[in-house]
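One letter stands for each residue in the lines below.
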Amino acid sequence: GLPDVGDDVVVGRDRTLAHIPSMTAAVDLPVNVLQTLSTYVDRFADESVHAGRGLYLRSDDTASLARAVIALDRAFMAAGVQTYKVRGDHVPTAADRRGALAAPALIVERVEFAKPSMVDLLNERANLVRPIIVTSATPPETTPDAYLQRVFLSLTRRIEIGTPSVSPPNAPSVPTPHAAT
């Protein structure tokens, strides 16, 4: 199973978009990814009304995927946009279906583990042309459901999340042997 991530993140709803950079700065992701996520949230109203475009966040580093969801959660909260977040391996209840279809933004973590009922829910949301934001360790081209694969390829913007730019710790100096002269 997948660990629950980001459930304990609480940010006040009285924040404005001007606070997004400082809110996401504490999230250890590459700067260009944080900027892209902030820009998406800033333009979310236009994205959702005109195109229903979502995001496909892909990385081999699952911790980076979790951090991206935290950054998005914080940015959406700051912008006053309601999200519905669910894990891909979750079997949606009737309440989940209502929440996922009604929320302005749906975030599905680790969509590659989606059960058939989750795939049906994602397809239903796509039919409503509502934004879908997913995280995955696999590329969208490998999505088993053909319709959902087309949705991911045509209605989401793919963002490859690299590893965070962390400086290596200072290594102790080790004398190097010198050749005898």
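See the structure above.
The structure contained in this document is the topic of the report that follows. It should be emphasised that the depicted structure is a prediction, and the values quoted were computed from it without experimental measurement. (Residues numbered from 1 in each chain as written. Predicted model: local features only at pLDDT ≥ 70, side-chain atom pairs only at ≥ 80, totals over all residues. Heavy atoms only, no water.)

## Focus: the overall build of the protein
Okay, so step 1: The secondary structure content of the protein amounts to 7 helices and 5 strands.
Okay, so step 2: N-terminal to C-terminal, the α/β element order of the protein is α-α-α-β-α-β-α-β-α-β-α-β.
Okay, so step 3: Of the roughly 9,700 Å² of accessible surface on the protein, 55% is carried by carbon and sulfur atoms. (Helix = DSSP H or I, 4+ residues; strand = E, 2+ residues; numbered from the N terminus. Areas by Shrake-Rupley, 256 points an atom, 1.4 Å probe, with all protein chains shown as cover.)

## Things to note about the packing of helix 5 (residues 94-102) against helix 6 (residues 116-127)
Okay, so step 1: Running from N to C, helix 5 and helix 6 cross one another at 30°; their axes reach a closest spacing of 10 Å. By the criterion of interaxial angle, the relationship of helix 5 to helix 6 is roughly parallel. Here helix 5 runs over helix 6; the crossing is right-handed. On helix 6, the residues touching Arg97, Ala100 and Leu101 of helix 5 are Ser117, Leu121, Glu124 and Arg125.
Okay, so step 2: Considered class by class, the residues forming the contact of helix 5 with helix 6 number 3 nonpolar, 1 polar and 3 charged. (Axes fitted to C-alpha atoms, helices over the stretch in contact; angles between N-to-C directions. Parallel < 35°, antiparallel > 145°, perpendicular 65-115°, else oblique. Left-handed = near helix turned anticlockwise from the far one by under 90°. Contact = heavy atoms within 4.5 Å. Nonpolar A, V, L, I, M, F, W, Y, C, P; charged D, E, K, R; others polar.)

## Some thoughts on the packing of helix 6 against helix 7 (residues 146-155)
Geometry of a packed helix pair, given as the angle between the helix axes and the separation of the axes.
Okay, so step 1: Interaxial distance between helix 6 and helix 7 falls to 10 Å at its minimum, and their mutual angle equals 50°. By the angle class used here, helix 6 and helix 7 are oblique. The handedness of the crossing between helix 6 and helix 7 comes out as left-handed. Of the residues in helix 7, those touching helix 6 at Val119, Leu122, Asn123, Ala126 and Asn127 are Tyr147, Leu148, Val151 and Phe152.
Okay, so step 2: Residues that form the contact of helix 6 with helix 7 fall into these classes: 7 nonpolar, 2 polar and no charged.

## Points about the packing of aromatic side chains
Okay, so step 1: Under the counting rule described, the total for this entry stands at 3 aromatic pairs.
Okay, so step 2: For the ring pair Tyr56 and Phe152, a centre distance of 5.2 Å and an interplane angle of 65° mean the geometry is edge-to-face. Pair noted here: Tyr56 is in strand 1 (residues 54-58) and Phe152 is in helix 7, with a separation of 96 residues, a long-range link. With respect to class, Tyr56 is no different from Phe152; both count as buried.
Okay, so step 3: Taken together, the aromatic side chains of Tyr40, Phe44 and Phe76 make up a single cluster linked through ring pairs. (Phe/Tyr/Trp six-rings, centres within 6.5 Å; stacked < 30°, edge-to-face > 60°. Buried < 20%, exposed > 50% of the residue type's maximum accessible area, 1.4 Å probe, protein only.)

## Some thoughts on the environment of Pro131
Okay, so step 1: With respect to the helices and strands, the residue Pro131 is situated in the loop between helix 6 and strand 4 (132-136).
Okay, so step 2: Here Pro131 falls in the buried class, since its relative accessible area comes to 0%.
Okay, so step 3: The spacing of Pro131 and Ala51 is 80 residues in sequence and 8.2 Å in space, taken between C-alpha atoms.
Okay, so step 4: Aside from chain neighbours lying at most four places away, what touches Pro131 is Tyr40, Phe44, Ser48, Gly52, Arg53, Gly54, Pro104, Leu106 and Arg125.

## Digging into the pattern of salt bridges
Okay, so step 1: For the structure shown, the criterion picks out 9 salt bridges.
Okay, so step 2: The salt bridge partner of Arg158 is Glu141, with a shortest N-O separation of 3.1 Å. One end of the pair, Arg158, is in strand 5 (residues 156-160); the other, Glu141, is in the loop between strand 4 and helix 7, and 17 residues separate them in sequence.
Okay, so step 3: The exposure class assigned to Glu141 is partly exposed, which follows from its relative accessible area of 43%.
Okay, so step 4: In this structure, Glu160 and Arg158 form a salt bridge, with 2.8 Å as the shortest nitrogen-oxygen distance.
Okay, so step 5: One salt-bridge network, held together by shared partners, links Arg58, Asp60, Glu141, Arg158 and Glu160. (Salt bridge = Lys/Arg side-chain N within 4 Å of Asp/Glu carboxyl O.)

## Regarding empty space enclosed by the protein
Okay, so step 1: This structure, assessed with the given rule, holds 1 cavity of 30 Å³ or more.
Okay, so step 2: Put simply, the largest cavity is a space of about 40 Å³.
Okay, so step 3: Residue lining of the largest cavity: Gly52, Gly54, Ala126, Arg130, Ile132, Val151, Leu155 and Thr156, and that is the complete set.
Okay, so step 4: Of the residues belonging to the lining of the largest cavity, the class tally is 4 nonpolar, 3 polar and 1 charged. (1 Å grid on protein atoms, 1.4 Å probe; cavity = no way out; pocket = protein on both sides within 12 Å on 5 of 7 lines; lining within 4 Å. Points joined across faces, edges and corners; volume = space filled by probe spheres on them.)

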